[in-house]
Amino acid sequence: MASSGEQDNAVGSAPGWLGAIERIGNRLPDPVFIFLALIGLLVLASVVAAALGWGAAHPLSGEPLRTESLLSEANLARLLVEMPQTLTGFPPLGLVLVVMLGAAVAERSGLFSALLGRSIARLSGPLLTPAVFIIGLLSHHASDAAYIVLIPLAAWVYAQAGRHPLTGIAVAYAGISGAFAGNVVPGQFDVLMLGITEPAARLLDPGFVMNPLGNWWFTLAIGVLFTPIAWWITDRVVEPRLGRWSQQGEMAERIEGPRALSDGERRGLRHAGVAALGVIALFAALSLITGYSPLVDHGADGPQRYTAFYRSLVAGFMLLFFATGWAYGAAAGTVRSHRDIVAFMGEGMRSMAPYIVIAFFAAHFVAMFKWSNLGPVIAINGAETLQSLALPRPLLLVALLCMSAVFDLVIGSASAKWSAMAPIVVPMLMLLGVSPEMTTAAYRMGDSIFNIVTPLASNFPLVLVLCQRWRKDFGVGSVIAMMLPYSLAFGTAGLLLVGLWVGLELPVGPGAPMPYSLQAQP
């Protein structure tokens, strides 16, 4: 059982290496200024590289590639003249905003909360732990609603079952955040990360097209693998360490279980199910009707036949969330007119304002990196160096995973880190025969390992407060100690999974093989 003497440490005062990481992380500037610093370093590097005449030969055409100074007249004019187009042309921005239009309706109508509440409120018995973990995996699409709804409900359910409520918080937090790289069904985060991958891959292959399902098989495998691991860690390590709950804390006297769904909410879920079937049927018809299948290119071969279908899934997710959220709200009474729908979408866009601000600077970093030619030159020279070392591909991907995990301790935004790393590692590994989808999958695996143990994570304070409602002396160190077994187990399993996946050359998703062969461009 955790020591009852643990205190809530003041910010930055905790001793040891965890305290050092917290102090260093607190000194980091806002991601906007991180990108500004990266842009400054990029400008300096481009000036030096251009002055030294650094370049490389394109591996396919043999055409010489030279680095260009970002302070040249042409690049300075491009920066100032094309600034609006640089922002609006940033692939992840449009993709995420489109999906969020629908997700905002589903979240604010109450659909996500009702789905989570109904699922977890009915759980009990020995399968409680894996069921909560799996619901945590499925709740990735619910964004912050999962933290606000699922974690407190899990504590209630465990307390009702006579088990320690902090165990419920631990397994729910592990499923939502610790296993964030895994999922059963792709969603908006897949679109975001692979959308960042697309412009990086186009540095070498201008014809590369983002496949929203490009990580599905890998993320599904993570879910299948991590579920029994989380079950064992929870029941054999975390819960025994917590010991028996003493039924103290502000919540102890109010254990009466989660609220049952009302008749309107149950009716809303039924209507949402019908709406979901309607959207699925629409996309199936547009892909399967003989003589009228606009989402299938019958003149193409192999996976390219379904490029339009994959690209349309961005709109598909938006329509799915939009239709089911409206159907639920209309039946449950949370949507009374079309004006509510418009208001929900507006609120959703307002919640994306911080991301849009970061995207402005990330878009310019990515664009300027491309203008400088540093990306392909570094990739070609780096790939030649790695090839001369004869390192196996599994080792390369494992190294990327470890790098991503270390960065995750101090930089919370997965998309911000990937925006900075992708222009270098994606083309480099493409030249070594690793597909952009596999590189993205390895990065995502590393990025999720320490989500649940770093105090810098955006939802860590919320989890701490929820724990303290059940045990007042539960501090930052207590949360870290509770969640660290999951991080270590997930990290070890994820590392082995990446190595095995690359070694066996398994497909990363539908139409997304692990190996990659760069084709000459016409």
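The rules behind each value
- Residues numbered from 1 in each chain as written.
- Predicted model: local features only at pLDDT ≥ 70, side-chain atom pairs only at ≥ 80, totals over all residues.
- Heavy atoms only, no water.
- Salt bridge = Lys/Arg side-chain N within 4 Å of Asp/Glu carboxyl O.
- Helix = DSSP H or I, 4+ residues; strand = E, 2+ residues; numbered from the N terminus.
- Buried < 20%, exposed > 50% of the residue type's maximum accessible area, 1.4 Å probe, protein only.
- Axes fitted to C-alpha atoms, helices over the stretch in contact; angles between N-to-C directions.
- Parallel < 35°, antiparallel > 145°, perpendicular 65-115°, else oblique.
- Left-handed = near helix turned anticlockwise from the far one by under 90°.
- Contact = heavy atoms within 4.5 Å.
- Nonpolar A, V, L, I, M, F, W, Y, C, P; charged D, E, K, R; others polar.
- Expected span 1.5 Å × (residues − 1).
- Polar contact = N/O pair within 3.5 Å; in protein donor to acceptor, adjacent residues only side chain to side chain.
- Core = buried A, V, L, I, M, F, W, Y, C linked by side-chain atoms within 4.5 Å.
- Patch = residues over 30% accessible without salt bridge, like charges linked within 9 Å, V, L, I, M, F, W, Y side chains within 5 Å.
- Areas by Shrake-Rupley, 256 points an atom, 1.4 Å probe, with all protein chains shown as cover.
- pLDDT = per-residue confidence, 0-100.
- Phe/Tyr/Trp six-rings, centres within 6.5 Å; stacked < 30°, edge-to-face > 60°.

### Quick word on the pattern of salt bridges
- Per the counting criterion, the structure on display carries 7 salt bridges.
- One salt bridge connects Arg108 with Glu347, and the closest N-O pair in it is separated by 3.2 Å. A residue pair is termed long-range when its members are at least 10 positions apart, and Arg108 in helix α5 (residues 91–108) and Glu347 in helix α14 (residues 338–351) qualify at 239 residues.
- When its relative accessible area of 28% is taken as the criterion, Arg108 is described as partly exposed.
- What makes Glu347 partly exposed here is its relative accessible area of 32%.
- Measuring nitrogen to oxygen at the nearest pair gives 3.0 Å for the salt bridge that ties Arg444 to Asp190. Highlighted residues: Arg444 in helix α19 (residues 436–448) and Asp190 in helix α10 (residues 188–201), separated in sequence by 254 residues.
- Here Arg444 falls in the buried class, since its relative accessible area comes to 6%.

### Comments concerning the packing of α5 against α14
- Look at α5 against α14: their axes get within 8 Å of each other, and the N-to-C directions meet at 120 degrees. Relative to α14, the element α5 is oriented oblique. Once α5 is placed against α14, the crossing between them reads as right-handed. In contact with Leu97, Met100, Leu101, Ala104, Val105 and Arg108 of α5, α14 contributes Ile341, Phe344, Met345, Glu347, Gly348, Met349 and Ser351.
- In terms of residue class, the contact of α5 with α14 is built from 9 nonpolar, 2 polar and 2 charged.

### What to know about α19
- Given a rise of 1.5 Å per residue, 13 residues ought to cover 18 Å, and the 19 Å separating the end C-alpha atoms of α19 matches this to within 8%.
- Of all 13 residues in α19, 13 are buried, a share of seventy percent or more.

### Considerations on α5
- When the terminal C-alpha atoms of α5 are compared, their 26 Å separation across 18 residues agrees well with the 26 Å that a helix rising 1.5 Å per residue should span.
- Of the residues making up α5, those classed as buried are Pro92, Leu93, Leu95, Val96, Leu97, Val99, Met100, Gly102, Ala103, Ala104, Val105 and Ala106.

### Here's the deal with the side chain of Asn211
- For Asn211, the location among the structural elements is in the loop between α10 and α11 (216–242).
- Among the polar contacts listed, one links the side chain of Asn211 to the backbone oxygen of Pro510, at a separation of 2.7 Å.
- Setting aside residues up to four positions removed in sequence, Asn211 forms contacts with Leu194, Tyr310, Pro510, Gly511 and Ala512.

### Here we look at the environment of Ser287
- Its place among the elements puts Ser287 in helix α12 (residues 263–288).
- When sequence neighbours within four positions are dropped, the list of residues in contact with Ser287 reads Ser293, Leu295, Val296 and Phe309.

### Side note on the nonpolar core
- Of all hydrophobic cores here, the largest spans 141 residues; its most connected members are Phe218, Leu397, Met438, Met483 and Tyr486.
- The element that contributes the greatest number of residues to this core is helix α21 (residues 476–504), accounting for 13 residues.
- The residues contacting Met483, other than those within four sequence positions of it, are Ala170, Tyr173, Ala174, Ile452 and Val453.
- Formed by 5 residues, the second largest nonpolar core is a distinct cluster that contains Val105, Ile341, Phe344 and Met345.

### Notes on a nonpolar patch on the surface
- Judged by side-chain polarity, Leu44, Val48, Leu52 and Trp54 come together as a nonpolar surface patch covering roughly 420 Å² of accessible area.
- Its location among the elements puts Val48 in helix α2 (residues 31–52).

### Some details on the confidence of the model for the chain
- Confidence in the prediction of the chain, expressed as mean pLDDT, is 80, and 80% of residues score 70 or more.
- Predicted confidence in the chain is weakest over helix α1 (residues 16–27), with a mean pLDDT of 47, and strongest over helix α3 (residues 73–81), with 95.
- Segment residues 252–257 is flagged for pLDDT under 50; beyond a separation of four residues in sequence, or across chains, it makes 13 contacts in the model.

### Brief notes about the packing of aromatic side chains
- Counting across every chain of the model gives 9 aromatic pairs.
- Look at Phe218 and Trp501: their rings are 5.2 Å apart centre to centre, the planes differ by 75 degrees, and that puts the pair in the edge-to-face class. Separated by 283 residues along the polypeptide, Phe218 in helix α11 and Trp501 in helix α21 bring together distant segments of the chain. Trp501 matches Phe218 in its accessibility class, with the two residues each being buried.
- Among the aromatic side chains, those forming a connected cluster through ring pairs are Phe133, Phe226, Tyr486 and Phe490.

### Remarks on the environment of Asn459
- Along the chain, the position of Asn459 falls in the loop between α19 and α20 (460–468).
- Considering only alpha carbons, one finds Asn459 and Ser177, 282 residues apart in sequence, at a separation of 9.1 Å.

### Some points on the side chain of Ser46
- With respect to the element layout, Ser46 can be found in helix α2.
- A polar side-chain atom of Ser46 sits 2.7 Å from the main-chain carbonyl oxygen of Val43.
- Here the side chain of Ser46 touches Leu70 through a polar contact of 3.0 Å, landing on its backbone nitrogen.
- With residues near it in sequence (within four places) discarded, Ser46 still touches Glu68, Ser69, Leu70, Ser372 and Leu374.

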